[in-house]
Amino acid sequence: QPVVDLGQQVSEPNAMAPQDPPPILDTQKAAHPELSEIYDRLQSSASNKLWHQTTIALEELVKAPCFSAKGNTELLELYKTFLQDQPQGSGWPGFASKISPVKHASLCITISKQFGDAEAGISSCVEFLEEADKKLATEKEAVLIIRMEIARRKLQKGDVAATKALIEECQAILNDFVEVENIINSSFYLVSSLLHKTVGSAQDFYKSSLLYLAYTPLESLSAEQKQALAFDLGLAALCGEKIYQFGELLLHPILNSLEGTQGAWLVEMLKAFNTGDIGKFEQVSKTHEAAIKGQVALTNNQQSLREKIRIFALMELLRDIPADSRTVSFKRIADRTALPEDEVELLLMKSLSLSLVKGTISGVDSTVRVTWVQYRVLDRDSLGRQRAKLADWMEKVQRTSVFLSNETPEILA
């Protein structure tokens, strides 16, 4: 039987009269009268073999909060007797093979959550998903979604090796596609970020989580999920050894979820780092000392954090100086970074080794000649400063033009 194009309102040819769906729909409708309208739509569209409409109603139904209750297995029962293809000769044939494979895979994942998070439930869930994977084996996009959920479940059990293997396998499949649906990229980067968090790789977690957010509508996440992810991203940004660019995170609306919560101080800390504001950093550290001490990742990296904010301060200083004044004294850098002057050279060498700054250090003259500084995502304040610098440059060009006109008219004639 051919797969139905979900973009069309279609039904199967009426080779037979409309067929009544299995009685489980009536049973569940009686148990959940608040969902009667959805069950009615399911019965009507399924009996008339309108699989697109049936899929839409089913997607709406599985989101109902009542099915999230611990021990509830009604969705699993509905899948087995209503959605899943049944052996030939059964009263109701099922329709899993008649809908979009990606929709089928997504429904399987949502329904599989009813197995719970206990060890036995995770094992049963993996078996359920592996069975779905076999049925969808020829549909690569659907397989990707299913296997990433299997990887997530195996990670829940602590099987890091199996999770890594599945991620690598899915990455190889993804590489064959020019473009895939957002849900596929979303599931891939979600599981990748969870793996990096488990193994303690802050930098990889940060990168994967931002990519996950790029493919995931924020409204699809609960308030608790948004707050947890925003906080973890903030910690990863601070602790990641090679993360010296916070602009993308600071401009992302997910940080708004921390407003008014106990984690709001983290946003203040990120802003202090992003502008290289050492005074603000010290203030936040003092004001929220108890909360910061509760974060092992921060307490274990205190020295690294101080070095990191000094590098941010250095980059801010170098970005703000005019293009025609790129030779900077160690003393000026020491004042901006709150370092003794004899430690400035080490800070510069560190920045050069990380490719955050390019230039030449003169230990004899105690200066550095800067030729390049790592870009950063610009907020409104940064754009204002760049505008002022551009205006200053234009004014200098104008003065030079006037000077040349006055002093060398024969050249410009």
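All residue numbers refer to positions counted from 1 along the written sequence of the respective chain. Local features are withheld for residues below a pLDDT of 70 in this predicted model, meaning they are given only at 70 or higher, and side-chain atom pairs are given and counted only at 80 or more; totals for whole chains, interfaces and linings count all residues. To get the side-chain values, all heavy atoms of the structure are used, and hydrogens and water are removed first.

### Observations concerning the overall build of the protein chain
- The secondary structure listing takes helices from DSSP runs of H or I that are at least 4 residues long and strands from runs of E that are at least 2 residues long, numbered from the N terminus. When helices and strands are tallied, the protein chain shows 21 helices and 3 strands.
- With the radius of gyration taken over C-alpha atoms, the globule rule is written as 2.2 Å times the number of residues to the power 0.38. For the protein chain, the C-alpha radius of gyration of 29 Å lies well beyond 22 Å, the compact-globule estimate for 413 residues.
- On the principal axes, the C-alpha backbone points of the protein chain span a range of 95 × 65 × 40 Å.
- Think of it in three bands: with a 1.4 Å probe and only protein chains considered, a residue is buried below 20% of the maximum accessible area for its type, exposed above 50%, and partly exposed in between. Residues classed as buried in the protein chain amount to 43% of the 413 residues present.
- Pairs at least 24 apart in sequence give 62% of the contacts found in the protein chain among residues at least 6 apart.
- As used throughout, the charge tally considers Lys and Arg to be positive and Asp and Glu to be negative, leaving His and the chain termini uncounted. Where a charge sits is defined by one atom per residue type, namely NZ (Lys), CZ (Arg), CG (Asp) or CD (Glu). Charge centroids of the protein chain, computed over 44 positive and 54 negative side chains, lie 4 Å from each other. When checking whether two residues touch, look at their non-hydrogen atoms; a contact exists if any pair is within 4.5 Å.

### Things to note about the pairing of strand β2 (residues 357-362)
- In this structure, β2 lies alongside strand β3 (residues 367-373), joined through 6 bridges in antiparallel fashion. Bridging from a neighbouring strand, Thr360 pairs with Arg369 of β3.
- A pair of strands is treated as paired once DSSP finds two or more bridges between them. Taken together, β2 and the strand that follows it, β3, pair antiparallel across an intervening segment of 4 residues, in which Ser366 is found at a positive phi of about 55 degrees.

### As for unusual backbone geometry
- Backbone geometry places Ala338, a non-glycine residue, at a positive phi of 55 degrees.
- Within the element layout of this structure, Ala338 appears in the loop between α18 (330-337) and α19 (344-353).
- Although it is not a glycine, Ser366 sits at a positive phi angle of roughly 55 degrees.
- For Ser366, the position within the fold is in the loop between β2 and β3.

### Structural notes on helix α1 (residues 24-31)
- All of the buried residues along α1 are Ile24, Leu25 and Gln28. The arc that holds every buried residue of α1, seen down its axis, measures 100 degrees, which confines them to one face. Relative to its buried face, α1 has exposed residues pointing more than 90 degrees away, namely Thr27 and Ala30.
- Buried residues belonging to α1 abut α2 (36-47) and α4 (74-83). Working note: the arc is built from the helix axis to C-beta atom directions.

### Re the pairing of β3
- Across 3 bridges, the pairing between strand β1 (residues 327-329) and β3 is antiparallel. Pairing of Val328 across the sheet is with Val368, part of β3.

### Re the environment of Lys207
- Tracing the backbone shows Lys207 in helix α10 (residues 202-214).
- What makes Lys207 exposed here is its relative accessible area of 58%.
- When the C-alpha positions of Lys207 and Ser192 are compared, they lie 9.7 Å apart, and in sequence the two are 15 residues distant.

### Focus: the packing of aromatic side chains
- Each aromatic pair joins two rings of Phe, Tyr and Trp (for Trp, the six-membered one) with centres within 6.5 Å, and gets the label stacked for planes under 30 degrees apart, edge-to-face for over 60, and tilted for any other angle. Evaluated as defined, the whole model comprises 14 aromatic pairs.
- With 6.2 Å between their ring centres and 35 degrees between their planes, Phe246 and Phe273 make a pair best called tilted. With a gap of 27 residues between them, Phe246 in the loop between α11 (223-239) and α12 (247-250) and Phe273 in helix α13 (residues 264-274) connect regions that are remote in the sequence. With respect to class, Phe246 is no different from Phe273; both count as buried.
- Every member of this aromatic cluster is reached through a ring pair, and the members are Tyr244, Phe246, Phe273, Phe281 and Phe312.

### Considerations on the packing of α11 against α13
- Axis definition: a line fit to C-alpha positions, over the contact stretch in the case of helices; interaxial angles, taken between N-to-C directions, run 0 to 180 degrees. One way to put it is that α11 packs onto α13 with a least axis distance of 10 Å and a crossing angle of 30 degrees. Both α11 and α13 take part in a crossing whose hand is left-handed. Mapping the contact onto sequence places Phe231, Gly234, Leu235, Ala237 and Leu238 in α11 and Trp265, Leu266, Met269, Leu270 and Phe273 in α13.
- Amino acids are sorted into nonpolar (Ala, Val, Leu, Ile, Met, Phe, Trp, Tyr, Cys and Pro), charged (Asp, Glu, Lys and Arg) and polar (every other residue, Gly among them). Looking at side-chain class alone, the contact of α11 with α13 contains 9 nonpolar, 1 polar and no charged residues. A crossing counts as left-handed when the near helix is turned anticlockwise from the far one by less than a right angle, and as right-handed when that turn is clockwise.

### Thoughts on the pattern of salt bridges
- Salt bridge, as used here: a side-chain nitrogen of Lys or Arg that lies within 4 Å of a carboxyl oxygen of Asp or Glu. Per the counting criterion, the structure on display carries 16 salt bridges.
- Between Asp133 and Arg147 there is a salt bridge, with the nearest N and O atoms lying 3.0 Å from each other. On the criterion of sequence distance, the pair formed by Asp133 in helix α6 (residues 119-135) and Arg147 in helix α7 (residues 140-156) is long-range, its members being 14 residues apart.
- Classification of Asp133 as buried rests on a relative accessible area of 12%.
- Through salt bridges with shared partners, a single ionic network connects Glu37, Arg41 and Glu60.

### Some details on the nonpolar core
- Among buried residues, those of type Ala, Val, Leu, Ile, Met, Phe, Trp, Tyr and Cys that are joined through side-chain atoms within 4.5 Å constitute a nonpolar core. In this structure, Leu61, Ile146, Leu238 and Phe273 are the most contacted members of the largest nonpolar core, which totals 114 residues.
- With residues near it in sequence (within four places) discarded, Leu238 still touches Phe246, Leu266, Met269, Leu270, Phe273, Leu298, Leu305 and Lys308.

### Looking at the confidence of the model for the protein chain
- The score called pLDDT rates the predictor's confidence residue by residue, from a low of 0 to a high of 100. In this model, the protein chain carries a mean pLDDT of 90, and residues with pLDDT of at least 70 account for 92%.
- The low-confidence segment residues 1-16 (pLDDT under 50) makes 31 contacts with residues lying over four places distant or belonging to another chain.

### Let's talk about the state of the cysteines
- Cysteine sulfur atoms that come within 2.5 Å of each other are treated as a disulfide pair. Enumeration over the complete set of coordinates arrives at 0 disulfides.
- For the unlinked cysteine Cys125, the closest cysteine sulfur is that of Cys108, found at 10 Å.
- A relative accessible area of 0% places Cys125 in the buried class.

### Details of the packing of α7 against helix α8 (residues 160-174)
- Contact geometry of α7 with α8 gives a least axis separation of 8 Å together with a crossing angle of 165 degrees. With respect to each other, α7 and α8 are oriented roughly antiparallel. The handedness of the crossing between α7 and α8 comes out as left-handed. The segment α7 lies against α8, with Lys140, Leu144, Arg147, Met148, Ile150, Ala151, Lys154 and Leu155 engaging Val160, Ala162, Thr163, Leu166, Ile167, Glu169, Cys170, Ile173 and Leu174. Any angle from 65 to 115 degrees is called roughly perpendicular, while one under 35 is roughly parallel, one over 145 is roughly antiparallel, and all others are oblique.

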